[in-house]
Amino acid sequence: MRIQLCFAALLVAAIPAMAQPGAAAGATGGTPVDRPAQASRLAAQGALLDVAAAGRRLVAVGERGHVLLSDDGGRTWRQSDVPVSVTLTAVHFVDARSGWAVGHGGVVLNTRDGGVSWTQQTDGRALVPALAEALRAAKTANDQGLVDKLRRFIDEGPDKPLLDVFFLDERRGFATGAYGLLLATDDGGAHWRVACDLLDSEEDRHIYTVRPVGDALWLAGEQGLLYRSTDGGGSFQRMESPAESTWFGLAGSGEELLLLGLRGALWHSSDGGAHWRRIEVDTKYSFVAAVALDAGKGRLIADDGGGLWLFSRGAASPRRLENSARFPLAGLTLAADGGVVASGLLGTLRIPSSGF
């Protein structure tokens, strides 16, 4: 695997050591997929790879299965009970109570109480029958490229990490992962199917993000991977990427889109991805997340060097804020009071609304 010099890419680079369900067991027995996360007084200072809003609550997820909750806008955090100790890479809520988190080992977790408790919906081992079912369908459709891809997934074992998750509503959701892995559910995650048939047959690039923009659902990832769905995820169309950069994030509203990528790659489209304009930014770091600010202040963008960038409406390019982090960042979310909370390698950083 080609290792990117980017904190977000380390989620994939660490697979051999952290993701495999069959990895060496710890002192408490079992594998990371089977072993509950341990309580730690330092969890809030550990690697937290994503953060999301659940109503007025904030939920952050990260290494060793840590899930942290904040009910005061990110000022203080407490740890949740989690049934796995694999690294969790992404979290998403559809409302104040219902949310999903994904991570290494193909793990998908669900909460119905705002993140206080979690249940495991699936993992790489449980997905083996779904892979076999998808393989049978690919053979019936005589899709040799997809057949070969699914056979590789089965032969290599249940070690693929999931890298992002998004639900359109309480029932319809998607999880994306390494080597072009795409999962879908129509029943809130009670059953997950392998949905690689929605992509090009031989698609094997990592899918780092799945996000809605306007009326479309987008997938973006490694080496220019870019897909769009205009029918709620029923089908995906491969889109022409403005560059071969690896995309770690995508944001926007209506017909406006921002692609966030490797080594300062930032591209803007005002027509739903038909045309793109490169935004020049003086940075060597990779953009990994963005969030829309209140009161039309524009967007806040995070990079994996700890930088926070304000992209104001009408500005030609973003400007770096002085109150940036001193550690690599991975996620951003808007707090209920209008501030922003960032997550990263050494925990979280709260940026009050007065800091923009």
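Our structure's up above, just so we're on the same page.
Summarised in this report is the structure supplied together with it. (Residues numbered from 1 in each chain as written. Predicted model: local features only at pLDDT ≥ 70, side-chain atom pairs only at ≥ 80, totals over all residues. Heavy atoms only, no water.)

1. Observations regarding the nonpolar core
Piece 1. V102, L150, L162, L183, W192 and V194 are the most contacted members of the largest nonpolar core, which totals 23 residues.
Piece 2. Counting only elements with at least two residues in this core, the list comes to β6 (99–103), α3 (128–140), α4 (144–156) and β9 (162–167).
Piece 3. Other than its neighbours up to four places away in sequence, V194 contacts A130, L131, A134, L150, L182 and L183.
Piece 4. Of all hydrophobic cores here, the second largest spans 21 residues; its members include A302, L308, L332 and F356. (Core = buried A, V, L, I, M, F, W, Y, C linked by side-chain atoms within 4.5 Å. Buried < 20%, exposed > 50% of the residue type's maximum accessible area, 1.4 Å probe, protein only. Helix = DSSP H or I, 4+ residues; strand = E, 2+ residues; numbered from the N terminus. Contact = heavy atoms within 4.5 Å.)

2. Comments concerning the pairing of strand β13 (residues 207–213)
Piece 1. Of all the seven residues making up β13, five are buried; the element is thus mostly covered by neighbouring parts of the structure.
Piece 2. The pairing of β13 with strand β14 (residues 216–221) spans six bridges and is classified as antiparallel. For T209, the partnering residue across the bridge sits in β14 and is A220.
Piece 3. In this antiparallel pair of consecutive strands, β13 and β14, the connection spans two residues, and G214 shows a positive phi of 60°. (Pairing = 2+ DSSP bridges.)

3. Remarks on the packing of aromatic side chains
Piece 1. In the structure shown here, the tally under the stated rule is six aromatic pairs.
Piece 2. Between the aromatic rings of F287 and W309, the centroid separation amounts to 5.8 Å while the plane-to-plane angle is 85°, which identifies the pairing as edge-to-face. Highlighted residues: F287 in strand β21 (residues 287–292) and W309 in strand β23 (residues 308–311), separated in sequence by 22 residues. Here F287 matches W309 in class, with each residue buried.
Piece 3. Connected via pairs of aromatic rings, a cluster forms that spans W100, F167 and W192. (Phe/Tyr/Trp six-rings, centres within 6.5 Å; stacked < 30°, edge-to-face > 60°.)

4. What about the side chain of S245?
Piece 1. Turning to its location among the elements, S245 is positioned in the loop between β16 (237–238) and β17 (247–253).
Piece 2. You can call S245 buried: its relative accessible area is 15%.
Piece 3. Among the polar contacts made by the side chain of S245, one reaches the main-chain amide nitrogen of L262 at a distance of 3.3 Å.
Piece 4. When near neighbours in sequence (up to four residues on either side) are disregarded, S245 contacts G221, Q223, G224, G261, L262 and A265. (Polar contact = N/O pair within 3.5 Å; in protein donor to acceptor, adjacent residues only side chain to side chain.)

5. Structural notes on the sheet that holds β9
Piece 1. Across the sheet, four strands lie side by side as β9-β10-β11-β12; this open sheet has antiparallel pairing. Taken across any chain shown, the strands that pair with only one partner, and hence form the sheet edges, are β9 and β12 (193–194).
Piece 2. As judged from the five bridges shared by β9 and strand β10 (residues 173–177), these two strands associate in the antiparallel manner. Considered in β10, the bridge of L162 is made with G177.

6. Section: empty space enclosed by the protein
Piece 1. Tallying each qualifying case throughout the model produces two cavities of 30 Å³ or more.
Piece 2. Approximately 90 Å³ is the volume found for the largest cavity.
Piece 3. For the largest cavity, the full set of lining residues is G106, G124, L127, L131, F153, G157, P158, D159, K160 and L181.
Piece 4. The residue inventory of the lining of the largest cavity, partitioned by class, reads five nonpolar, three polar and two charged. (1 Å grid on protein atoms, 1.4 Å probe; cavity = no way out; pocket = protein on both sides within 12 Å on 5 of 7 lines; lining within 4 Å. Points joined across faces, edges and corners; volume = space filled by probe spheres on them. Nonpolar A, V, L, I, M, F, W, Y, C, P; charged D, E, K, R; others polar.)

7. Section: unusual backbone geometry
Piece 1. A positive phi is found at R64, a non-glycine position, where the angle reads about 60°.
Piece 2. Along the chain, R64 turns up in the loop between β2 (57–62) and β3 (67–70).
Piece 3. A positive phi is found at Y179, a non-glycine position, where the angle reads about 55°.
Piece 4. Relative to the helices and strands, Y179 is located in the loop between β10 and β11 (182–185).

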